[in-house]
Amino acid sequence: MSSVYEQLGGQAAVEAAVDIFYRHVLNDDRINRFFEGVDMDRQAAKQKAFLTMAFGGPHNYTGKSMREGHAHLLKLGMNDSHFDAVAEDLAKTLTELGVGQPLVDQVLAIAGSTREDVMGRSA
Amino acid sequence: MPVIRFEGDSFVCNDGESVLECLRRNGREIPFSCLSGVCGTCILRAIEGIPPSTSQASLKDTLRAQGYFLSCSCRPTSDMEVALGDGVGARVPAVLTAIEPLNPTVVRVRARAEKPFDYRAGQFASLLRHDGLARTYSLASVPGIDPELEFHVARVPGGAMSEWLHRDAVPGMRIELLGPRGDCFYVPGNPDQPLFLLGTGTGLAPLYGILRDAIHQGHRGPIHLFQGGLTRDGLYLVDELREIAPAHANVAYHPCVRDADPADPLHGAIDEVAQRIVPNLKGWRVYLCGHPDMVTMMRKKTFLAGASMKEIFADAFIPSPKVS
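No experiment lies behind these values; they were computed from the predicted model shown.

Colleague: What's the story with the overall build of chain B in this structure? I'm lost.
Modeller: Each helix and strand counted, chain B has seven helices and 16 strands in total. The C-alpha atoms of chain B give 21 Å as radius of gyration, which agrees with the globular expectation for 324 residues (20 Å, within 12%). Taken along its principal axes, the extent of the C-alpha atoms in chain B is 70 × 50 × 35 Å. The burial tally for chain B puts 52% of its 324 residues in the buried class. Counted over contacts in chain B with a minimum sequence separation of 6, partners at least 24 positions apart contribute 66%.

Take a look at the structure:
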């Protein structure tokens, strides 16, 4: 059984998904205020790293880097509903790319495993 | 086994080893993150040798054309010389040949490089005055068409270099050039792709180069050029650009004046005019040049209008700090 990352198509899948995903995020009024005024090229690189991780690919995210990377957003009022919105946008992106539900669920599970760190709740 | 040259040292790259692994094994601090050729953190530039195509797969064409590659996924098959992102260029001596007004606040500065100065239309270079004062300007000239280099310089009140170029500089004076840099330029190889060029103020300069370069290289797809100014006086080269369009059926030129009388045919905010004329940018290549706030806004608007992130090239003109 190949990995989730391989089943999705690896790096090519990340390349295909990043524009669609980021466009959904910027169009999503629940969360787009968190992306106001950010450098889009730098942000796109981060989105790619995030998608690679969520797709089960190689990454070097740690709980610590997740907490530090989102601490400023907690101060701006980020909460679980915003995490859910990003997960929804991710699912929508995969569905648009023709990914089947079982794989979508696996990706959402990987992305969901970061929730406590993103929300700064884990030790 | 291939040899990697980096900052004057040579390292043997082991079988199956990436350039990143080789350099790090030898104690060189190269930043990296995903190690899978995606995130772009470990980007390096090949000065000699050709990087394997897999190491350039996720990069913009303009970066590829300049030899950039991702070192984590570069397993070289032959010797390479590599450098960190922005390789330091050498200074090139040059002579000013002409300074003429284009509108009340912008002059066209022409210079002749006295040593080879390889650049692509749309890139930028630093001009150095005899006393070392340096400012960066976009190139408006096109290699292969224009024998001299051309810059468009807006007068910035209190701006040391622009005041000098507007008031004191005369043809015959010597300057130096540093560069070129920047990834905002025309890349041949996709002659049918539609091009969207949008600039405000002297943001026209790189676009004027890119437009003429694209035509010169036989671009066949539609090219829309949007030039924006606050007033009619803020535009320039309008007559020249109006002559290009009828001669080339695929070129459309749209000057826009934000604060013009509503009855003026040029009246309109550039982002609104552009959105009306080209509402869907899926599959387009986008070039944005000028004021940083405009560039930030248009990056987002063009992306949301369907342009792929990899197809948006932007050059924000960030003003230099004032010298007291």
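Colleague: Explain the sheet that holds strand β3 (residues 43-48) of chain B to me, please; I cannot follow it from the model alone.
Modeller: Two orientations exist for strands paired in a sheet by backbone hydrogen bonds: parallel and antiparallel. All names here are of chain B. The mixed open sheet is built from five strands, whose spatial order is β2-β1-β5-β3-β4. With partners counted over all chains shown, the strands left at the sheet margins are β2 (9-12) and β4 (68-70), one partner each. Taking the axes of each pair of neighbouring strands and ignoring which way they run, one obtains an average angle of 40° across the sheet. Pairing of strand β1 (residues 3-6) with strand β5 (residues 80-84), which is carried by three bridges, proceeds in the parallel orientation. If you follow I4 over to β5, its bridge partner there is M80.

Colleague: Where do I start with the pattern of salt bridges in this structure?
Modeller: Any two side chains of opposite charge can pair if their charged atoms end up close together. Considering all chains together, one arrives at 31 salt bridges over all chains under this definition. With a shortest N-O distance of 2.7 Å, D84 of chain A and R115 of chain A are connected by a salt bridge. A residue pair is termed long-range when its members are at least 10 positions apart, and D84 of chain A in helix α5 (residues 80-96) and R115 of chain A in helix α7 (residues 115-118) qualify at 31 residues. The class of D84 of chain A is partly exposed, set by a relative accessible area of 34%. In this structure, the salt-bridge partner of D131 of chain B is R129 of chain B, at a minimum N-O distance of 2.7 Å. Classification of D131 of chain B as partly exposed rests on a relative accessible area of 46%. Each of the salt bridges in this network shares a partner with another, and the network as a whole consists of D80, D84, R115, E116 and R121 of chain A.

Colleague: Explain the nonpolar core to me, please; I cannot follow it from the model alone.
Modeller: Nonpolar side chains in soluble globular proteins tend to be buried together. Of all hydrophobic cores here, the largest spans 57 residues; its most connected members are L8, L51, F55 and L90 of chain A together with F196 and L198 of chain B. Per-element tally for this core: the top contributor is helix α2 (residues 10-27) of chain A, with eight residues. In contact with F196 of chain B, not counting residues within four places along its chain, are H224, F226, A274, V278, L281, W284, R285, V286, Y287, L288, M298 and T302 of chain B. If you look at the next biggest cluster of nonpolar residues, it comprises 31 residues, including I244, Y253, C289 and F313 of chain B.

Colleague: What exactly am I supposed to notice about helix α3 (residues 160-168) of chain B here?
Modeller: An α-helical segment advances 3.6 residues per turn. Residues three or four places apart therefore align on the same side. Buried within α3 of chain B are the following residues: M161, S162, E163, W164, L165 and H166 of chain B. Looking at the packing, one finds that the buried side of α3 of chain B touches β6 (92-103), β7 (106-113), β8 (124-128), β9 (134-138), β10 (149-154) and β11 (174-181) of chain B.

Colleague: Got a minute to help me understand unusual backbone geometry in this structure?
Modeller: Trans peptide bonds make up the majority, and among non-glycine residues the majority have a negative phi. Residues and elements named next belong to chain B. Residue E7 is not a glycine yet carries a positive backbone phi of 50°. Among the secondary structure elements, E7 is positioned in the loop between β1 and β2. Positive phi is not limited to glycine here, since L237 has a value of about 60°. Position of L237 among the secondary structure elements: in the loop between β13 (223-229) and α5 (238-247). Take L237: its relative accessible area is 4%, and that puts it in the buried class.

Colleague: Quick question: what am I supposed to make of the confidence of the model for chain A here?
Modeller: The predicted structure's coordinates, where accompanied by low pLDDT, should not be read in detail. Mean pLDDT over chain A works out to 90, with 98% of the residues at or above the 70 mark. Summarising per-element confidence for chain A, the mean pLDDT is lowest in helix α3 (residues 40-54) of chain A (86) and highest in α5 of chain A (96).

Colleague: Please clarify how the interface of chain A and chain B should be interpreted in this entry.
Modeller: Where the parts come together, the accessible area they lose is often given as the size of the interface. Taken together, the 20 residues of chain A in the interface contact 19 residues of chain B. Of the roughly 1,700 Å² buried between chain A and chain B on both sides combined, carbon and sulfur atoms contribute 55%. In this assembly, chain A and chain B are joined by two salt bridges. A salt bridge links K310 of chain B to E15 of chain A, with the nearest nitrogen and oxygen atoms 3.9 Å apart.

Colleague: Can you help me understand the environment of A121 of chain B in this one?
Modeller: Residues and elements named next belong to chain B. Considering the arrangement of structural elements, one finds A121 in the loop between β7 and β8. With 23 residues separating them in the primary sequence, A121 and G144 have C-alpha atoms 10.0 Å apart. Residues within four places of A121 in sequence aside, it is in contact with S141, V142, P143, C184, F185, Y186, G209, I210 and D213.

Colleague: Please clarify how the packing of aromatic side chains should be interpreted in this entry.
Modeller: Two descriptors summarise a pair of aromatic rings, namely the distance from one centre to the other and the angle between the planes of the rings. Under the defined criterion, the tally for this structure stands at six aromatic pairs over all chains. Ring geometry for Y22 of chain A versus F303 of chain B: centroids 5.5 Å apart, planes at 40°, classification tilted. Within this pair, whereas Y22 of chain A is found in helix α2, its partner F303 of chain B is found in helix α7 (residues 292-304), the two belonging to separate chains. Its relative accessible area of 1% is what places Y22 of chain A among the buried residues.

Colleague: Looking at this structure, I do not really get the packing of α5 of chain A against helix α6 (residues 101-112) of chain A. What am I missing?
Modeller: How two helices pack is summed up by the angle between their axes together with the distance between the axes. All names here are of chain A. The interhelical angle for the contact between α5 and α6, taken along N-to-C directions, is 150°, at an axis separation of 10 Å. As summarised for this structure, α5 and α6 are arranged roughly antiparallel, according to the angle between their axes. The two elements α5 and α6 meet at a crossing, and its hand is right-handed. Judged by residue contacts, F83, A87, L90, A91 and L94 of α5 engage V104, V107, L108, A111 and G112 from α6. Class assignment of the residues belonging to the contact of α5 with α6 gives a composition of nine nonpolar, one polar and no charged.

Colleague: What am I meant to see in the pairing of β7 of chain B here?
Modeller: Two faces belong to every sheet, and in a regular strand the side chains alternate between them. Residue and element names in this part refer to chain B. As paired elements, β6 and β7 share eight bridges and run antiparallel to each other. Each bridged residue has a counterpart across the sheet, and for N103 the counterpart in β7 is V106. In this structure, the hairpin formed by β6 and β7 is closed by a connection of two residues. The pairing of β7 with β10 spans six bridges and is antiparallel. Bridge assignment links V107 to a residue of β10, and that residue is V153.

The rules behind the values
- Residues numbered from 1 in each chain as written.
- Chains lettered and ligands numbered in written order.
- Predicted model: local features only at pLDDT ≥ 70, side-chain atom pairs only at ≥ 80, totals over all residues.
- Heavy atoms only, no water.
- Helix = DSSP H or I, 4+ residues; strand = E, 2+ residues; numbered from the N terminus.
- Rg over C-alpha atoms; globule rule 2.2 N^0.38 Å.
- Buried < 20%, exposed > 50% of the residue type's maximum accessible area, 1.4 Å probe, protein only.
- Contact = heavy atoms within 4.5 Å.
- Pairing = 2+ DSSP bridges.
- Axes fitted to C-alpha atoms, helices over the stretch in contact; angles between N-to-C directions.
- Salt bridge = Lys/Arg side-chain N within 4 Å of Asp/Glu carboxyl O.
- Core = buried A, V, L, I, M, F, W, Y, C linked by side-chain atoms within 4.5 Å.
- pLDDT = per-residue confidence, 0-100.
- Buried area = accessible area lost by both parts, 1.4 Å probe.
- Phe/Tyr/Trp six-rings, centres within 6.5 Å; stacked < 30°, edge-to-face > 60°.
- Parallel < 35°, antiparallel > 145°, perpendicular 65-115°, else oblique.
- Left-handed = near helix turned anticlockwise from the far one by under 90°.
- Nonpolar A, V, L, I, M, F, W, Y, C, P; charged D, E, K, R; others polar.

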